[in-house]
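Listed below are the residues making up each chain.
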Amino acid sequence: MLKSELREEMRRLKRQHGSGVLAELSLAVTGRVMRHSAFRHARTVLLYWPLADEVDTRPLLPAAAGKTLLLPRVTGPATMELRLYDGPQSLAEGAFHIMEPTGRLFTDYPSVDLAIIPGLAFDAAGNRLGRGRGYYDRFLPILPQAYKIGVCFPFQLVGSVPTEATDARMDEVIY
């Protein structure tokens with residue numbers, strides 16, 4: 001299956017589930033993340049602010065009290081940066097209508113212990129299919145020490161994700 005075909009299939013499957021079902025599935029996924037030793041022991045965590053059809057990571061925010069929380073901010077057609085998350089008051093609508101942090105720029109990349117990454121599909125080997133713009137695939141190589149957890153709904157775990165050499169791989173997938 002081509003990446004474009006798999007993306008369309010995942011979008012179709014997401015539309016089949018109501019927002020209430022996706023919210024319940026999100027709570028189950030974030031509960032597993034909160035219990036994971038990588039999350040419990042991490043000091044600096046890269047999260048993402050969710051789109052309506054993604055695993056809602058917002059329940060992780062209070063569970064991460066005392067940790068340094070980072071969110072990505074798109075800076076150009078092929079680039080993003082990390083910003084400190086200082087609470088919901090420090091968010092503004094950014095590129096692609098995604099809420100992005102307005103906190104201080106964060107560049108201490110070696111200190112990032114854990115990265116929680118969204119995707120349209122994942123496979124058991126940790127391969128990830130994103131939305132097609134390559135932001136995470138270009139950014140994650142500068143965080144080689146970070147444990148990378150892809151999060152998705154159970155129906156987004158597929159037998160095989162088509163990959164290219166430039167695709168970033170997850171260490172684990174939680175669904």
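Residues numbered from 1 in each chain as written. Predicted model: local features only at pLDDT ≥ 70, side-chain atom pairs only at ≥ 80, totals over all residues. Heavy atoms only, no water.

**Student:** Just checking my understanding: could you explain the overall build of the chain for this structure?
**Tutor:** When you go through the chain residue by residue, the secondary structure sums to 5 helices and 12 strands. Relative to the 2.2 N^0.38 estimate, which gives 16 Å for 175 residues, the radius of gyration of the chain is 15 Å and therefore close to what a compact globule would have. Projected onto its principal axes, the C-alpha positions of the chain cover 40 × 35 × 30 Å. In the chain, which comprises 175 residues, the share counted as buried stands at 50%. Excluding contacts between residues fewer than 6 apart, the proportion of contacts in the chain whose partners are at least 24 apart in sequence is 68%. By element, 54% of the accessible surface of the chain is carried by carbon and sulfur atoms, the whole surface being about 8,600 Å². The average position of the 21 basic charges and that of the 19 acidic charges among the side chains of the chain differ by 2 Å. (Helix = DSSP H or I, 4+ residues; strand = E, 2+ residues; numbered from the N terminus. Rg over C-alpha atoms; globule rule 2.2 N^0.38 Å. Buried < 20%, exposed > 50% of the residue type's maximum accessible area, 1.4 Å probe, protein only. Contact = heavy atoms within 4.5 Å. Areas by Shrake-Rupley, 256 points an atom, 1.4 Å probe, with all protein chains shown as cover. Lys, Arg positive; Asp, Glu negative; His and termini not counted. Charge placed at Lys NZ, Arg CZ, Asp CG, Glu CD.)

**Student:** Explain empty space enclosed by the protein to me, please; I cannot follow it from the model alone.
**Tutor:** Unoccupied space between atoms shows up once a probe the size of one water molecule is rolled over them. Inspection of every chain in the model, using the stated rule, returns 1 cavity of 30 Å³ or more. There is about 40 Å³ of room inside the largest cavity. Every residue lining the largest cavity is listed: Lys14, Tyr48, Asp53, Glu54, Val55, Pro118, Gly119, Val151, Cys152, Phe153 and Gln156. (1 Å grid on protein atoms, 1.4 Å probe; cavity = no way out; pocket = protein on both sides within 12 Å on 5 of 7 lines; lining within 4 Å. Points joined across faces, edges and corners; volume = space filled by probe spheres on them.)

**Student:** Teacher, can you tell me more about the pairing of strand S2 (residues 68-76) here?
**Tutor:** Residues in a regular strand point their side chains to alternate faces of the sheet. Across 3 bridges, the pairing between strand S1 (residues 44-46) and S2 is parallel. Bridge pairing in S2 places Leu46 opposite Leu70. Both S2 and strand S3 (residues 79-84) contribute to a ladder of 6 bridges, which runs antiparallel. Note that in S3 the partner of Pro72 across the bridge is Leu82. In this structure, the hairpin formed by S2 and S3 is closed by a connection of 2 residues. (Pairing = 2+ DSSP bridges.)

**Student:** What should I look at first to understand the sheet that holds S3 in this one?
**Tutor:** Sheets are built from strands that pair by backbone hydrogen bonding, the pairs being arranged parallel or antiparallel. If you trace the 7 strands from one edge of the open sheet to the other, you get S6-S3-S2-S1-S7-S10-S12, paired in mixed fashion. If you trace the sheet from one side to the other, it starts and ends with strand S6 (105-106) and strand S12 (172-174), each paired once.

**Student:** Mind showing me how you'd approach the layout of surface pockets here?
**Tutor:** When its volume is computed, the largest pocket comes out at roughly 640 Å³. Taken together, 31 residues make up the lining of the largest pocket; nearest its centre are Arg128, Arg131, Arg133, Tyr135 and Tyr136. Within the residue set of the lining of the largest pocket, elements represented by two or more residues are helix H1 (3-16), S2, strand S5 (99-101), strand S9 (128-129) and helix H5 (135-139). Taken together, the residues of the lining of the largest pocket break down into 14 nonpolar, 5 polar and 12 charged. Here the second largest pocket defines a volume of roughly 200 Å³. Taken together, 14 residues form the lining of the second largest pocket, with Ser19, Ala23, Ala52, Glu54 and Asp56 sitting closest to its centre. The biggest single contributor to the lining of the second largest pocket is helix H2 (residues 19-35), with 5 residues. (Nonpolar A, V, L, I, M, F, W, Y, C, P; charged D, E, K, R; others polar.)

**Student:** Before we go on, may I ask you to explain the packing of aromatic side chains in this structure?
**Tutor:** Each aromatic ring pair is characterised by the separation of its centres together with the angle its planes make. What the rule picks out here adds up to 4 aromatic pairs. Centre to centre, the rings of Tyr109 and Phe139 are 5.7 Å apart; their planes meet at 90°, and the pair counts as edge-to-face. You can see Tyr109 sitting in the loop between S6 and strand S7 (114-117) and its partner Phe139 sitting in helix H5, a full 30 residues away along the chain. Ring centres of Phe153 and Phe155 lie 5.7 Å apart, and the angle between their planes is 15°; on these two criteria the pair is classed as stacked. Over the face of the ring belonging to Phe39 we find Lys67, whose NZ or CZ atom lies 5.3 Å from the ring centre. The lysine or arginine in question, Arg138, covers the ring of Tyr135, its NZ or CZ lying 5.7 Å from the ring centre. (Phe/Tyr/Trp six-rings, centres within 6.5 Å; stacked < 30°, edge-to-face > 60°. Lys NZ or Arg CZ within 6 Å of the ring centre and 35° of its normal.)

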